[in-house]
Amino acid sequence: MAKFRIVVTAGDGIGPEVIAEGVKVLKAIGKKYGHTFDFRYELLGGSAIDATGEALTKETLAECNKADAVLLGAVGGPKWDNPSAKVHPEDGLLALRKGMGLYANLRPVKVLPMLVDGTNLKPDVVRGVDLIVVRELTGGLYFGRPKRRYTTTRGRRAVDSMVYSEQEIARIIKVGFELARSRNKKLTSVDKANVLETSKLWRQIASEVAKDYPDVKLENQLVDSCAMRLIQDPKSIDVIVTENMFGDILTDEASVLAGSMGMLPSASLGATPKENERISGLYEPIHGSAPTIAGQNIANPIATIMTAAMMLRYSLALSKEAKIIEDAVFNVLTEGYRTVDIMSAGMTKVGTKEMGDLVAAKI
Ligand code: NAD
C-alpha cells in the first residue's frame, strides 16, 4: 500500500476524454491493491492559454516537478493554430519536457494478435511485432537556435537549427543500449549520417558508447531506409534509438503496425528505467488531440490506459499492477470489444467511456 502524487494535465481535444479513462483504470487499481493516487489537475496547452495566456505556467511546472509522475493528454487544435500567435499549445509541452529534464521518450510498439487483420499491412508482416523506439526529446531541430521567421529585402525566410552536444547524444544512446540489453540485445541507431553533421557525430558517439556494451549488437541505419524497413520487415527491429524529429515521424509510422494511433503509449524519462526503481516521468499517449473526433465519445482510450500502465511500471515501481492493466486490455480486446478506429467485422463497437469501463471492470 502506498500513496502517490500524480499531476494530470488533460490537454485539449480528445485529451480530457481519454485521460478520464486512464484515471478510471488507475482508480480501479488503487481500489483493488490499496494504493492511493492523489490526482492533481493542472492546465497545459490550449486550455492553459485560454485561462492564463501561457501554455505552461511556472506554477504548473513546479507542481509537475514535485509529483511522482505526470499523466498528460495531448494539446493543440485549430483554435490555437494561428501561426502568428505569440504562444502555441505545443510550446507548453516542449517546455514541460525540457523543464522536467526528460530527454528519453520510450515508445513501445507491440502488435496484439487479435488486431493483426486490422491494419493496412499484410497480417504476416505485423504479426509478432514487438519493438521499442527511444526518441531523444529535448534536443535537435525542435529546440536548436537560431529558430525564427523573418523578412528580408528578397522575401520571407525561416530557419530552424539542428544542434546536438556529445553529452546529449551519449546519454540517449546509453538508454538505447540499456533497453536493448534487457531485451534481445540488438540496437538500431537511426540517423542521416550521409548528409547531416549532427548525424555524423551521432554515429561516432554510438560506436564509442557501444564499447561499454559488448553483449549488444549495434547497427546504424539511415532514417529513410529505416522508414521503409518499419513497414517491410518490422519484426527485424528490436530497439531503435534516434534523434527527436526522426523519432517523432518514425513512431507515427509505426503506429500503423499496431492498427491505430489510439493504441500506442509512451513514457518520457530523465534516466534509464530499472525494474523496481522509481524515477519521475511524464506519460503521454503518442497521438495528438484529434480535434475532429473530440467530444463524440469515439476516441480510443487504450493508448492512454497503456500509458498509465507504463507510469505504474517506471515511476511508481508497481510492475505487477502495470501487468494487470495490460492483461485487462488484452482480455477486453480478446472478447471482441473495439473502438471505431480498430473496428472490424464481427466485433462489438464501443465508445471511449465504455472501453474504459470494460478495462476497469476486468481489474
Ligand atoms: P492526431 O494524432 O491528433 O490525429 C491523427 C489521426 O489519428 C486522426 O485521424 C485522428 O482522428 C486519429 N486519432 C488520434 N488519436 C486517436 C485516438 N485516441 N482514437 C482514435 N483515433 C485517433 O494528429 P494530428 O491530427 O496531426 O494533430 C491534431 C492536433 O494534435 C494538432 O493540434 C497537433 O499539433 C496536436 N498534437 C499534439 C501532440 C501532443 O500534445 N503530444 C502530439 C501530436 C499532435
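Preceding this section is the structure that the text describes.
Residues numbered from 1 in each chain as written. Predicted model: local features only at pLDDT ≥ 70, side-chain atom pairs only at ≥ 80, totals over all residues. Heavy atoms only, no water.

A word on helix 12 (residues 352–362). Within helix 12, the full set of buried residues consists of Thr352, Met355, Gly356, Val359 and Ala360. Projection of helix 12 onto a plane perpendicular to its axis shows the buried side chains occupying an angular sector of 130°, all on one side. Considering only its buried residues, helix 12 is in contact with helix 1 (15–33), helix 10 (302–314), helix 11 (319–334) and strand 13 (337–338). (Buried < 20%, exposed > 50% of the residue type's maximum accessible area, 1.4 Å probe, protein only. Helix = DSSP H or I, 4+ residues; strand = E, 2+ residues; numbered from the N terminus. Arc of directions from axis to C-beta. Contact = heavy atoms within 4.5 Å.)

This paragraph deals with the site of the ligand. Surrounding the ligand, one finds 19 residues, the nearest of these being Val75, Glu90, Gly288, Ala290 and Asn300. The contact in question runs from an oxygen atom of the ligand to an N or O atom on the backbone of Gly77, over 3.2 Å. Its residues placed into classes, the shell around the ligand shows nine nonpolar, seven polar and three charged. (Near = heavy atom within 4 Å. Polar contact = N/O pair within 3.5 Å; in protein donor to acceptor, adjacent residues only side chain to side chain. Nonpolar A, V, L, I, M, F, W, Y, C, P; charged D, E, K, R; others polar.)

What tends to happen in soluble globular proteins is that the nonpolar side chains get buried as a cluster. Core analysis: the largest hydrophobic core is formed by 88 residues, its most contacted members being Ile6, Phe37, Leu106, Ile173, Tyr283, Leu312 and Leu333. Counting residues domain by domain, this core receives three or more from each of domain 1 (1–105 + 259–363) and domain 2 (120–256). Every residue in contact with Phe37, bar those within four places of it in the chain, is listed here: Phe4, Ile6, Leu26, Ile29, Gly30, Leu312, Leu316 and Leu318. (Core = buried A, V, L, I, M, F, W, Y, C linked by side-chain atoms within 4.5 Å. Domains from an automatic or database assignment.)

A word on the packing of helix 1 against helix 12. Orientation of helix 1 relative to helix 12, taken along the N-to-C sense of each, is 15°, at an axis distance of 9 Å. Relative to helix 12, helix 1 is oriented roughly parallel. The element helix 1 and its partner helix 12 pack so that their crossing is right-handed. Each of Glu17, Val18, Glu21, Lys24, Val25 and Ala28 in helix 1 lies in contact with helix 12, whose residues at this interface are Thr352, Lys353, Gly356, Asp357, Val359 and Ala360. For the contact of helix 1 with helix 12, a count of residues per class yields five nonpolar, two polar and five charged. (Axes fitted to C-alpha atoms, helices over the stretch in contact; angles between N-to-C directions. Parallel < 35°, antiparallel > 145°, perpendicular 65-115°, else oblique. Left-handed = near helix turned anticlockwise from the far one by under 90°.)

We now examine the pattern of salt bridges. Taken as a whole and judged by the stated rule, the model has 21 salt bridges. Within this structure, Arg5, Glu63 and Lys66 form a network of salt bridges that share partners. (Salt bridge = Lys/Arg side-chain N within 4 Å of Asp/Glu carboxyl O.)

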